[in-house]
Every structure is written in C-alpha cells, then in structure tokens.
Amino acid sequence: MQRLSVLLRGSGHNLSAFGHGRKVIRTVNSNDNKPTPFSRQFRARVAPAVISASNQRARQYSGLCGNAHLKDRSFSRPRPLTFRTLSQKFTPFATPRGNSPFTGAPSHRFTSLLHCAFFSCSPGPKLYSSMASSGKIDLNSPTTCWKEAKSYLKGLNNKQKRDHYSVKDFIKLKEIPVWKDTAKKANIKQPEEGKYPKNKALDDKISLFRGDITKLEVDAIVNAANSSLLGGGGVDGCIHRAAGPLLKLECSSLGGCQTGLAKMTCGYLLPANYVIHTVGPVVQGDLGSAQEEDLSNCYRNSLLAAVEGKIRSLAFPCISTGVFGYPPEAAADMALKTIREFLEENKEKFDRVIICVFLEKDEEIYLRKLPEYFPLDSAFPACKL
Ligand SMILES: NC(=O)c1ccc[n+]([C@H]2O[C@H](COP(=O)([O-])OP(=O)(O)OC[C@H]3O[C@@H](n4cnc5c(N)ncnc54)[C@H](O)[C@@H]3O)[C@@H](O)[C@H]2O)c1
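Residues numbered from 1 in each chain as written. Predicted model: local features only at pLDDT ≥ 70, side-chain atom pairs only at ≥ 80, totals over all residues. Heavy atoms only, no water.

- If you check an unreviewed UniProt entry, the protein appears there as ADP-ribose glycohydrolase MACROD1 isoform X1 from Xenopus laevis.
- Annotation of the protein in UniProt includes, under Sequence similarities (unreviewed entry), the sentence "Belongs to the MacroD-type family. MacroD1/2-like subfamily." (UniProt positions renumbered as here; feature names shortened; annotations may be inferred.)

And the structure:
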C-alpha cells in the first residue's frame with residue numbers, strides 16, 4: 001500500500017491518500033486518520049487511476065498548482081514536492097461553503113494535477129493547453145520542466161502556439177517561394193548540362209531563402225551545432241536565443257552529438273516546432289574526403305530524423321561554412337547532391353526542404369548551383385555556366 005500525503009498549507013489540512021495495485025483506495029485526514037469531510041468527492045475526482053505498488057516517483061511540478069505540499073512517504077525519507085502557487089486566481093478547491101474549508105469540491109484541475117503527481121505521468125496536453133492559455137507554464141523560465149513544456153506545446157493549435165513565439169515577425173511557409181518561382185524572378189539561366197535530370201515532382205519541394213532561420217514557421221529547422229549541443233555562436237547561438245532556455249535543458253539531456261549525426265528537440269519559443277541539431281565537420285587546410293562524407297551525413301541524417309519525426313517542412317542553414325571553415329562552394333555542392341538524392345527516394349515524405357542562406361555570397365552560390373541539381377523547365381533560357 002502506498003501512501004501519499006497532501007498538505008494543503010494555510011488550511012492546516014493534511015490529507016493522506018492510500019493506494020495500491022492501481023487505485024486510490026481512500027483519503028483521510030493525516031492528523032487523525034479519519035476520512036476527510038470531502039474525501040468522497042476527492043477520491044471520486046482524483047481520476048480512478050493507478051498508484052503503482054512500486055516506489056512510484058512523483059515528479060517535481062514547479063508552478064503547477066496552488067499551495068499544496070505533496071510528500072511521498074514511500075521514499076525512505078519524505079521527499080517534499082512543493083507546488084508553487086500558480087497564481088492568486090487559481091485555488092485548488094472551489095470556494096468553501098460553510099465553516100469547513102473543505103465543503104467545496106476540489107477543482108478538477110487540481111485533482112487531475114494531483115493525479116499526475118501521484119502517478120508521475122505528465123498531464124495530457126489538453127490540460128497544459130488550458131493552463132497554457134491562462135499563461136500557467138512559463139516557457140521562458142529555466143525552472144520549468146522541459147518535458148512538461150514539450151507536452152503542453154504539443155497540445156496547442158497554431159493560434160495558441162503563435163502567442164508564444166519569441167519572434168513576432170515570423171515567416172509562414174506559404175510566404176517562402178519554391179525554387180522555380182525564385183529562379184524566374186532572378187532570371188536564372190538553365191545550364192545546358194545539369195548534374196541531374198529534370199524531375200517535375202521535385203519542382204515544388206525545394207526553396208532557397210535568404211534570411212534568419214529562426215523566423216521560419218516550418219516543422220523543423222536544422223541547427224549547425226557543436227558536439228556539446230549546449231549552444232555557442234553563429235546560427236547555433238541565434239537558435240538557442242530565440243528558442244529560450246528550455247532548448248538547452250533538453251539538449252543537455254541528449255549527451256552531446258557526434259559529427260555527422262543529428263538529434264531532434266522541441267523548438268519551444270521558435271516558430272519552428274522542432275530543431276534538428278547536427279554537427280558539421282571542421283575544415284582546416286585542404287578539404288578531405290572524410291569531411292565531405294561527414295557533411296553529407298549531416299544533411300542525410302537530418303533528413304532521416306525529419307522523416308522519423310514526420311516533419312514535412314524543413315530548413316537547413318549552410319552547415320559548417322562559418323566557424324567550422326568548410327569552403328562554401330564545396331559545401332553547397334555536397335548539400336544539394338545529398339538533398340537531391342534523398343528527395344528522389346522520399347519525395348512523398350516532404351512538402352518543402354528550404355536552403356536558408358544568411359550571407360549574400362551564399363545566396364549567389366546557390367542561385368548558380370541549384371539549376372544543376374534541380375533543373376528548371378526547358379522554358380528557362382539555357383546558358384553555359
Ligand atoms: N564562440 C562560439 O562558440 C561560436 C562562435 C560562432 C559559431 N559557433 C557555432 O559554430 C560552430 C558550428 O560552425 P558552423 O560553421 O557549422 O556554424 P556557423 O558558424 O553558425 O555558420 C553556419 C552558417 O550559418 C549562417 N548563419 C548564421 N546565423 C544565421 C541565422 N540566424 N539564420 C541562418 N543562417 C545563419 C552563417 O552565415 C553560416 O553561413 C558551433 O560551435 C556553433 O556554436 C560557435
């Protein structure tokens with residue numbers, strides 16, 4: 001039998017709930033072990049659920065519910081879980097009637113959160129979304145549990161999510177032109193000899209965009225990270241700043257990342273739902289085949305992570321071409337080759353893959369190279385490169 005006691009401070013009421021197998025059996029006043037005046041409702045309202053006989057570890061819920069102090073006696077020494085008051089408005093119980101502080105039925109939200117604390121499950125996204133809409137979860141605080149924040153974000157619709165973006169001038173996917181429209185506008189010439197045949201199915205799948213990747217409202221953006229995954233500078237620094245402190249918290253749970261691999265996290269305050277972190281090769285001196293393979297792996301593993309995460313719109317920065325010193329022209333060739341060959345095999349899995357360049361010189365390189373990898377309609381005047 002597991003016993004959890006709930007001290008509702010200020011009311012002087014210390015409840016104990018007992019359960020085993022997988023059910024809350026009874027709730028009593030911890031002081032005299034007598035049933036509490038509202039235990040019936042309390043038990044009924046704390047969803048008939050499960051206290052597993054095992055040493056169920058209730059989780060620290062910071063800022064979740066009013067002034068309750070949950071002590072789990074199943075630990076060798078009671079480990080207090082302090083619930084910080086959500087807000088003055090939020091009271092765990094309906095306004096009490098009569099003289100007993102507990103004639104009011106416990107509010108649903110409180111009991112369902114208590115249920116979650118008991119059963120160390122995170123409340124469903126809909127609970128967080130109702131709390132979120134009342135601003136109950138602080139996405140900008142490093143003390144918020146990133147798992148709970150992730151769960152709450154999953155339950156939000158687009159409109160609710162947009163209220164939390166750290167950037168207000170975000171760019172919607174439909175505002176990012178596909179490559180063939182960009183080419184038309186830029187008066188791009190189609191080389192006579194492309195590296196790949198024209199593939200109509202890919203015409204609307206690729207985009208070239210110049211600007212800040214943190215503003216793109218897409219399913220995922222790729223971060224050119226370092227092996228610690230704990231942020232740094234360049235695009236990595238921009239993404240961490242825009243995502244807020246919870247990104248680093250989640251990244252710190254990933255145990256770093258090897259060059260060429262990719263790991264996915266939530267996007268938090270970014271307009272992008274997810275961030276795929278990859279670590280490009282460092283190039284000092286001549287470019288070697290190992291570094292070429294590493295860079296190709298960055299693009300391929302990021303695309304694979306996107307497919308696995310059911311990501312349909314993805315934006316890449318120019319990985320490794322900044323601090324890591326990869327020659328931009330060679331990087332563009334490797335990026336376009338890898339993306340083209342991957343999309344040929346997985347075109348139905350993506351709506352859009354965006355190459356997000358930041359520097360003018362990168363934009364010029366891609367405008368020149370894209371027609372070789374994603375040939376345009378013959379309508380475009382051919383030209384010798
Ligand atoms: N002091 C540092 O720790 C430090 C300094 C700079 C960069 N970095 C970063 O650089 C390393 C990775 O090198 P890298 O060459 O792969 O990355 P990078 O140095 O960030 O450069 C990659 C590309 O991203 C471009 N870029 C920069 N900001 C943005 C933006 N907001 N949106 C779109 N593109 C942008 C940049 O112009 C370059 O073409 C990592 O350590 C990472 O933390 C670290």
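Some remarks on the site of the ligand
- In the neighbourhood of the ligand, 22 residues make up the surrounding shell, with Asp212, Val235, Asp236, Ser320 and Gly322 lying closest.
- Between an oxygen atom of the ligand and a side-chain N or O atom of Thr321, the distance comes to 3.1 Å.
- In this structure, an oxygen atom belonging to the ligand sits 2.9 Å away from a main-chain N or O atom of Val323.
- Residue assignment for the shell around the ligand shows that the elements contributing at least two residues are strand E10 (220-225) and helix H7 (234-243).
- When residues of the shell around the ligand are assigned to their parent elements, the largest contribution, four residues, is made by H7. (Near = heavy atom within 4 Å. Polar contact = N/O pair within 3.5 Å; in protein donor to acceptor, adjacent residues only side chain to side chain. Helix = DSSP H or I, 4+ residues; strand = E, 2+ residues; numbered from the N terminus.)

As for the pattern of salt bridges
- In total, this model carries 17 salt bridges according to the counting rule given.
- Here Asp169 ties to Lys215 by a salt bridge, and the two come within 3.2 Å at their closest N and O atoms. Linking Asp169 in the loop between helix H5 (158-162) and strand E6 (171-172) with Lys215 in the loop between strand E8 (206-210) and strand E9 (216-217), this pair joins segments that are 46 residues apart in sequence.
- Judged by its relative accessible area of 46%, Asp169 falls in the partly exposed class.
- Beyond isolated ion pairs, a larger network of salt bridges with shared partners links Glu329, Asp333, Glu364, Arg368 and Lys369. (Salt bridge = Lys/Arg side-chain N within 4 Å of Asp/Glu carboxyl O. Buried < 20%, exposed > 50% of the residue type's maximum accessible area, 1.4 Å probe, protein only.)

Let's talk about the pairing of E8
- Taken across its five residues, E8 has four buried, putting it largely inside the fold.
- Looking at chain direction, E8 and strand E14 (residues 352-357) are connected through five bridges and run parallel. In the strand pairing of E14, Phe209 is matched with Cys356. (Pairing = 2+ DSSP bridges.)

As for the packing of helix H9 (residues 289-308) against helix H10 (residues 328-346)
- Closest axis-to-axis distance for the H9/H10 pair is 9 Å, and the angle between their directions is 35 degrees. Read as a crossing pair, H9 and H10 show a hand that is right-handed. Contact residues: Glu292, Leu295, Ser296, Tyr299, Arg300, Leu303, Leu304 and Val307 in H9; Ala331, Met334, Ala335, Thr338, Ile339 and Phe342 in H10.
- A breakdown of the residues in the contact of H9 with H10 according to their chemical character gives 10 nonpolar, two polar and two charged. (Axes fitted to C-alpha atoms, helices over the stretch in contact; angles between N-to-C directions. Left-handed = near helix turned anticlockwise from the far one by under 90°. Contact = heavy atoms within 4.5 Å. Nonpolar A, V, L, I, M, F, W, Y, C, P; charged D, E, K, R; others polar.)

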